[in-house]
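Descriptive analysis of the structure
So you can see what is in the structure, the chains are spelled out below.
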Amino acid sequence: MVTLGVSAVLAAGALQATGSASAAAVATTLTVAKDGSGQYTTVQAAVNAVPAGNTARVVVLIKPGTYRELVKIPSTKQNVTLQGSGTSRNDTVIVYGNASGTQKPDGSGTYGTSGSATLAAEANGFQARNLTIANDFDEAAHQNMSGLQAVALRTAADKVVLDSVVVTGDQDTLLLDTASKTTLGRVWMTNSYVVGNVDFIFGRATAVIDKSVITLKKRWDGSSAGYITAPSTAAGRKGFLITGSTVNGDVSAASFYLGRPWHAGGDATLDPMATFRGTTLSSAVKAAPWTDMSGFSWKDDRFAEYRNTGPGAGSASGDRPQLSDAQAAEQETADWLADWTPSAS
């Protein structure tokens, strides 16, 4: 087990506090405003202004408004922060409506799941704060389409911080990925909301979701059925850790699984991992909260709970593995982040 030291606690506290902006003040700041009162009127224009090869922190300060656009931060533009300047994370919204099966304008085919993302962050050190990232693809209107997965946010980088954000969609809302199967990609999400219904937290990243709310959403036809996580963790890596959080939503009782193993591309060498610990589970969570996927048994991978509470929590059984205290001591936030202490700069 790695223990958080005083410096880590202070850095984490500062990142969640309003005063974290002072740490970012020393960085270059680019301002985006729809009304023309900033340097740029679109988020992507500000990102484009960051020079290739950048490593110093650049804060893209986005004034309140709804920005209907696709945003991509390429791997050559490290340490970019997208930060809403409003009083609430609901004031600044980046939204688009592509799905996996949406045809590209140039006629070259469909976007695919990863390509459907409203915001794609491929550069190490990416941070998002105090804003909403959404995919509003209308599933009901496209039931004849093949490929309804619609990603709001895709990360494929290391040392990613998501602080006080809302990430919302339906299927495949939040893709926490890595640049490649052999590349480490750590994500720390705190004080945030994730909304969706099917596999809506998925990918192969080593990710902590801390002190956040996971909101379960009904499907396009009003039914309640879904899966929260679908990790595709590489063997020897840590997957998803949901800790100190809340699972809720206006859905039927016993209608959602905590997760299932995604062996992307049928890759049997993967070892998907998800742990829910110290989290309040609503009655929407099934009594047997894990299930198989595409012929792969969840029991062959790494799924567990530890000291969860609420009506959806349950005691240890063959269908509901619980960590021992000794095992839980090796599955804490600092064990996921290793030598990285998140900070605002």
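For the structure itself, consult the block above.
Quick look at the structure, then. (Residues numbered from 1 in each chain as written. Predicted model: local features only at pLDDT ≥ 70, side-chain atom pairs only at ≥ 80, totals over all residues. Heavy atoms only, no water.)

**Brief notes about the sheet that holds strand β14 (residues 198-203)**
Read from one edge of the open sheet, seven strands run β4-β7-β9-β11-β14-β17-β20, paired in parallel fashion. The sheet is open, and its two edges are formed by β4 (71-73) and β20 (256-259), each paired on a single side. Between one strand axis and the next, the sheet turns through 10 degrees on average, direction left out of account. As paired strands, strand β17 (residues 226-231) and β20 are joined by three bridges and run parallel to one another. Looking at the pairing, Thr229 lines up with Gly259 of β20. (Pairing = 2+ DSSP bridges. Helix = DSSP H or I, 4+ residues; strand = E, 2+ residues; numbered from the N terminus. Axes fitted to C-alpha atoms, helices over the stretch in contact; angles between N-to-C directions.)

**Some details on unusual backbone geometry**
Backbone geometry places Asn130, a non-glycine residue, at a positive phi of 55 degrees. Assignment of secondary structure puts Asn130 in strand β8 (residues 127-135). Look at Asp199: it is not a glycine, yet its phi comes out positive at around 50 degrees. Within the fold, Asp199 resides in strand β14. Residue classification places Asp199 among the buried positions, given a relative accessible area of 6%. (Buried < 20%, exposed > 50% of the residue type's maximum accessible area, 1.4 Å probe, protein only.)

**Remarks on the pattern of salt bridges**
If you walk through the whole model with that rule in mind, you get 14 salt bridges. Linking Asp177 and Arg204 is a salt bridge whose minimum nitrogen-to-oxygen distance equals 3.1 Å. A residue pair is termed long-range when its members are at least 10 positions apart, and Asp177 in strand β11 (residues 174-177) and Arg204 in the loop between β14 and β15 (206-210) qualify at 27 residues. In this structure Asp177 comes out as buried when scored by relative accessible area, which is 16%. (Salt bridge = Lys/Arg side-chain N within 4 Å of Asp/Glu carboxyl O.)

**Examining the packing of aromatic side chains**
Evaluated as defined, the whole model comprises four aromatic pairs. Seen from their ring centres, Phe202 and Trp262 are 5.6 Å apart, and the 55 degrees between their planes marks the pair as tilted. Note that Phe202 is positioned in strand β14 and Trp262 in the loop between β20 and β21 (273-277), a separation of 60 residues in sequence. Of the residues examined, Phe202 reaches a relative accessible area of 4% and is grouped as buried. The class of Trp262 is partly exposed, set by a relative accessible area of 27%. Feature note: the residues Phe276, Trp290 and Phe303 constitute an aromatic cluster, connected by ring pairs. Note that Lys34 overlies the ring of Tyr67, its terminal NZ or CZ placed 5.5 Å from the centroid. One Lys or Arg, Arg260, reaches over the ring of Tyr227 and ends 3.7 Å from the middle of that ring. (Phe/Tyr/Trp six-rings, centres within 6.5 Å; stacked < 30°, edge-to-face > 60°. Lys NZ or Arg CZ within 6 Å of the ring centre and 35° of its normal.)

**Here we look at the side chain of Asp170**
Topologically, Asp170 is positioned in the loop between β10 (160-168) and β11. Reaching out from Asp170, the side chain makes a polar contact with the side chain of Lys217 at a distance of 3.1 Å. (Polar contact = N/O pair within 3.5 Å; in protein donor to acceptor, adjacent residues only side chain to side chain.)

**Quick notes on the side chain of Arg154**
In this structure, Arg154 sits in strand β9 (residues 153-156). Here Arg154 falls in the buried class, since its relative accessible area comes to 13%. In terms of polar contacts, Arg154 uses its side chain to reach the backbone carbonyl oxygen of Ser114, at 3.4 Å. Non-local contacts of Arg154, meaning those with residues more than four positions away in its chain, are made with Ser114, Ala117, Leu119, Ala120, Ala121, Glu122 and Leu175. (Contact = heavy atoms within 4.5 Å.)

**Here we look at the pairing of strand β5 (residues 80-84)**
Each regular strand shows side chains that alternate between the opposite faces of the sheet. Where burial is concerned, most of β5 is hidden: five out of the five residues are buried. Residue alternation in β5 divides its side chains into two sets, Val80, Leu82 and Gly84 and Thr81 and Gln83, and both sets are buried. As judged from the five bridges shared by strand β2 (residues 58-62) and β5, these two strands associate in the parallel manner. Each bridged residue has a counterpart across the sheet, and for Ile62 the counterpart in β5 is Gly84. The sheet contact formed by β5 and β8 spans three bridges and is parallel. The partner of Gln83 across the bridge, within β8, is Arg129.

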